[in-house]
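Listed here are the chains, written in short residue letters.
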Amino acid sequence: MAGNQVSRVAPGLIDTSRTYSFDFDGQQFTGHPGDTLASALLANGVRLVGRSFKYHRPRGVFSSGVDEPNALVALRTGAHLEPNTRATGVELYNGLIANSQNYVGSLRHDLMAVNDLLSPFLGAGFYYKTFMWPAAFWEKVYEPLIRAAAGLGRLSGLPDPDVYDKGFLHCDVLVIGAGPAGLSAALAAGRAGARVIIADEDFRLGGRLLAEDSEVDDVQGDAWADQAASELSGLANVKLLSRTTVFGAYDHGIYGAIERVSDHLPTSDGKPRQVVWRIYAKRAILCAGATERSIAFGNNDRPGIMLAGSVRCYLNRWGVACGQRVAVFTNNDDGWRTAADLSAQGVSVPAVIDVRDDTERDAPVGSEVFTGVRVIDTSGRKALKAIKLSNGQTIDVDCLAVSGGWSPNVHVTCHHRGRPRWREDISAFVPDQSNLPPGMRVAGAANGTMTLAEGLRSGHAAGVQTVRDLDFTKPAGEPARAASENMESSPFWHVSESTARCWVDLQNDVTVKDIQQAHREGFRSVEHAKRYTTLGMATDQGKTSNVLGLAILAEASGQTIAETGTTIFRPPYTPVPIGALAGRARGASLRPTRLTPSHDWAKEHGATFVESGLWLRAQWFAKPGETHWRESVDREVSMTRTSVGVCDVSTLGKIDIRGRDAATFVNRVYANNFTTLKVGRVRYGLMLREDGIVMDDGTTARLDDKHFLMTTSTAKAGPVFRHLEFCRQCLWPDLDVHLTSVTDQFAQFAIAGPNARDLLAKIVDPGIDLSNDAFPFMACSDVTVCGGVSARLFRISFSGELAYELAIPARYGDALVRMLMAVGRDFNVVPYGTEALNVMRIEKGHAAGNEINGQTTARHLGFGAKRPKTSDFIGTVLSKRVGMSLEDDIRLVGFRPIDRSRKLTAGAHFIARGAACTLENDEGWMSSTAYSPTLGHAIGLGFIKRGQQRFGEITRAVDLVRDTDIEVEIVSPHFVDPDGERLRA
């Protein structure tokens, strides 16, 4: 063998013609394609790979699959670091970097191992008892200590540079697991013509066939698995998903699966690292196999103590001997198979210890057989050295293969709250056939069918029955043939003679004594005992420990295991990275980003952008020499108010409303009257929720008798459209109304300032009269611009200046902004962004999102007296509640600091002068603030009790978060042009 792979005793099923180099804890080792990190470490003689969670005891590889509780490593480095990864599931590649974790100092000399000396004080529930007293210690002592000790591995703290994806798949039959039963089921369903997806978490299909020296259809089991996979891949109606774990069964035949696309590659080469699939299946066949369980005995957690089936797997699949002298401790026939396979490969098996008294089996060459005997203790701190038997004999070994029986992997069958049932003949829980997820069948070892021959037959039968249910009639072929092996077992859970600690959950350091103590202290429900002891709460979710723990709890309570029951199995079956669940929806891609029609032009002219709803909008346009954002904003405001400015307002929601009853519909959804709105005019509208609270505001233009165009705020464009559709379809289906969202169809620009009309005249085609008489404030009309381009013009103003909004087809948006800026040079035109827009609306006293925050009413905003509407509208009844019509209720008003040099902050609360800062003295809050370049000081809008009756009064704006207390004067919210002369000019 290449390199220093001292424990590689056979080729196995790997490619020994090529050699990979990998790094573990800073040391270089070699392996081969087809290895896992665990098999490569064992091949190189590495036994110590990690530390346990609580006591920091030495831990080695325990299993060969997803049930691994010990061998958790951190993969890769830097931002690509991934902690808490099972070495047994990591496919080896050239250049792999892995590190052990959960220690202080070094892995071999962990300073935190002192916890093991304190174990008498750290038993089950110690944290519940210890951290209760004294109470003052919690924040200063206990919590910092707990947080420092929590977890196993550590995240990098850097943004994850990898890419994750999501996808959707549809099939007639989903086969979960590609062992002998799964392959048989998939072959039957695929041959019958059904659309089949077969998913398996391994990178090679075959399941236990890869670990056994068995034959199927007169060929070696692994060769038959390859033939089956080849046939399936050749069927157009079958999709094979290797490296894919089905982690959950959800409603309506939907299954969640995660595919590890490039985890096994040195670089992703542009591929996503992982993909989460949502699989829609008409039927599912679960062939998830079974998990071997251990036996609890004294010091059964040392590196070198492993599951017997895993020892056999490392030998047959990867050609690795897990020790030079390997003893077997078992309560079933399967353990003897491990001894036989080891002996056949020349590995010394000094002893086979079987707890059964009447066992008669052929002993491997050189083995001493002990029946009716138990292992009661072991020795060796960082690696197993010897075992002590109940007959007093001590045997020198460096590996102990333990088999306590096999537990079917029933987890996915329970994801719809189903409970498994206990089968005495195999001493394990099996799926309850009467309470499976709809459309699911279970076959093979997952259903308690433990022999190879029966597993092949049950998988084939499940496939045939499933496709018949779906009316596929093509021949499904015959099941594969195999010899039946003995699987007799005798239930045995722990060695009561052991005086040393007997470990049940290896990762969380839960012992037999902990479970018994939990029962004595009243935690007798399996759910309570689980949480009190942390049994089964590790990354493996108790796959090797749960049944063992339940048996010990049942024994302590004097009940049967069936009476004791199980904990609830929930998805995911194995850990799923948060990044994979998020997919590409993170960072800038968390939500779709929409760009305004003028985005490219704004970017060219130095705009700083801000997220506004789903849009990216220009916040301000910095000029050379401007070092602070407010310099840019102040300039934009001043230049707009003195000449003219242009702002892209395409993000406003635009809803086209048509039909014979369009006017009636609009009148019912707005709180103010729209029946009197004339064609060619625009009206401001306030929209309420059913409870009378303001939902949104905007303007609606009447383009003809049966045609309206409603605008909404940017953030509420979607919610308002959904609300209107609900009203149309559910509340008033008899109205002849049609709604269309046209937000994306139009580019719209606000042109504001004293020279707005003159600038607009340069692009509007001749013959269109823009005079104040012909086109007054709140007018609208179809126009043409730039030589015949159709457009709509609205004379509305959010800035308080003479202003228009010009809408044209979105494809002309970029050209229009360039044209406006070119013809506006004569007027020193300025582009302005959302910050300047916000400053000007506060100066004018316009309510916006901060004031329409889901807790204010029309009366709060000052519209109570302007609503002489008698017809019904949404919110009309509940808006008249007594609590919403109080005379001393809050009102929207303006505020300015007495000391003009002070800065106001949104969120400050109003407290009377001399009053204490308490909730009882709170009179309202500041909703919006800005520095007004027009006035030369800070201003604010806010809500205060009886606000409109208190102009001129002085109160305090108190912000305890920012530690400010400022005296302010209550004034009209209209700071600039309160009579509206400018906008009507």
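Values in this document were obtained by computation on a predicted structure and should not be read as measured data.

Cut-offs used in this document
Residues numbered from 1 in each chain as written. Predicted model: local features only at pLDDT ≥ 70, side-chain atom pairs only at ≥ 80, totals over all residues. Heavy atoms only, no water. Helix = DSSP H or I, 4+ residues; strand = E, 2+ residues; numbered from the N terminus. Buried < 20%, exposed > 50% of the residue type's maximum accessible area, 1.4 Å probe, protein only. Lys, Arg positive; Asp, Glu negative; His and termini not counted. Charge placed at Lys NZ, Arg CZ, Asp CG, Glu CD. Contact = heavy atoms within 4.5 Å. Patch = residues over 30% accessible without salt bridge, like charges linked within 9 Å, V, L, I, M, F, W, Y side chains within 5 Å. Areas by Shrake-Rupley, 256 points an atom, 1.4 Å probe, with all protein chains shown as cover. Salt bridge = Lys/Arg side-chain N within 4 Å of Asp/Glu carboxyl O. Pairing = 2+ DSSP bridges. Axes fitted to C-alpha atoms, helices over the stretch in contact; angles between N-to-C directions. Parallel < 35°, antiparallel > 145°, perpendicular 65-115°, else oblique. Left-handed = near helix turned anticlockwise from the far one by under 90°. Core = buried A, V, L, I, M, F, W, Y, C linked by side-chain atoms within 4.5 Å.

1. Overview of the overall build of the protein
In terms of regular secondary structure, the protein is built from 21 helices and 50 strands. Taking the principal axes of its C-alpha atoms as reference, the protein extends roughly 110 × 70 × 55 Å. Put simply, the protein has 985 residues, and 57% of those count as buried. Looking at charge distribution, the protein has the averaged site of its 108 positive side-chain charges lying 4 Å from that of its 112 negative ones.

2. Some words on the environment of Gln433
Note on placement: Gln433 falls in the loop between strand 27 (428–430) and strand 28 (440–442). Spatially, the C-alpha atoms of Gln433 and Asn447 are 9.2 Å apart, while their sequence positions differ by 14 residues. In this view, Gln433 contacts Val442 and Asn447; residues no more than four positions away in its chain are not counted.

3. Regarding a nonpolar patch on the surface
Among the surface-exposed residues, Val114, Leu117, Leu118 and Phe121 lie close enough to one another that they form a single nonpolar patch of about 440 Å² accessible area. With respect to the helices and strands, the residue Leu117 is situated in helix 2 (residues 114–117).

4. Examining the environment of Ser545
Structurally, Ser545 can be placed in the loop between helix 11 (526–533) and helix 12 (546–557). Those residues in contact with Ser545 that sit more than four places away from it in its chain are Val504, Asp505, Leu535 and Gly536.

5. Details of the sheet that holds strand 23 (residues 394–396)
Picture the strands of a sheet paired through backbone hydrogen bonds; they go either parallel or antiparallel. Read from one edge of the open sheet, 3 strands run 21-22-23, paired in antiparallel fashion. Each edge of the open sheet is held by one strand with a lone partner, namely strand 21 (375–379) and strand 23. Across the sheet, the mean angle separating the axes of adjacent strands is 25° when strand polarity is ignored. Bridge count between strand 22 (residues 386–389) and strand 23: 3 bridges; the pairing is antiparallel. Each bridged residue has a counterpart across the sheet, and for Lys388 the counterpart in strand 23 is Thr394.

6. A word on the pattern of salt bridges
Applying the stated criterion to the full structure yields 53 salt bridges. The partner of Arg641 in a salt bridge is Glu801, with the nearest N and O atoms 2.8 Å apart. Here the residue Arg641 occupies a position in helix 16 (residues 629–642), and Glu801 occupies one in the loop between strand 42 (789–794) and strand 43 (803–809), the gap between them amounting to 160 residues. Overall, the relative accessible area of 8% leaves Arg641 in the buried class. On the basis of relative accessibility, which here comes to 2%, the residue Glu801 falls in the buried class. Residue Asp736 is joined to Arg660 by a salt bridge in which the shortest nitrogen-to-oxygen separation is 3.3 Å. Here Arg660 lies in the loop between strand 35 (653–658) and helix 17 (662–669) and Asp736 lies in the loop between helix 18 (717–731) and strand 39 (738–741), a separation of 76 residues in the sequence.

7. What about the packing of helix 10 (residues 512–520) against helix 12?
At a minimum axis separation of 9 Å, helix 10 and helix 12 run at an interaxial angle of 45°. For the element pair helix 10 / helix 12, the angle class is oblique. Note that helix 10 runs across helix 12; the crossing there is right-handed. Of the residues in helix 12, those touching helix 10 at Val512, Ile515, Gln516 and His519 are Gly549, Ile552, Leu553, Ala556 and Ser557.

8. Considerations on the nonpolar core
Judged by nonpolar contacts, the single largest core of 44 residues is most densely connected at Phe22, Phe24, Leu37 and Tyr314. Contributing elements (two or more residues each) for this core: strand 1 (20–24), helix 1 (37–43), strand 5 (72–75), helix 7 (308–318), strand 18 (326–330), helix 8 (333–344) and strand 24 (399–403). Among residues more than four places away in sequence, those in contact with Phe24 are Phe29, Leu41, Val46, Leu48, Val49, Val73, Ala98, Asn99 and Ser100.

9. Observations regarding the sheet that holds strand 50 (residues 964–971)
With respect to topology, 6 strands assemble into a closed barrel ordered 45-48-47-46-49-50, the strand pairing being antiparallel. Sheet twist, expressed as the average angle between the axes of neighbouring strands with direction ignored, equals 45°. Direction of pairing for strand 47 (residues 922–932) relative to strand 48 (residues 937–945): antiparallel, over a ladder of 8 bridges. Of the residues in strand 48, the one forming a bridge with Gly924 is Ile944. The sheet strands contacting helix 21 (residues 834–844) are strand 47 and strand 48, and the helix crosses strand 47 at an angle near 125°.

10. Here's the deal with the pairing of strand 35
The buried fraction of strand 35 is high, at 5 of 6 residues. As paired strands, strand 35 and strand 38 (residues 707–712) are joined by 6 bridges and run antiparallel to one another. Following the sheet pairing, Arg658 is matched in strand 38 by His707. Looking at chain direction, strand 35 and strand 39 are connected through 4 bridges and run antiparallel. When the sheet's bridge partners are listed, Arg658 is paired in strand 39 with His738.

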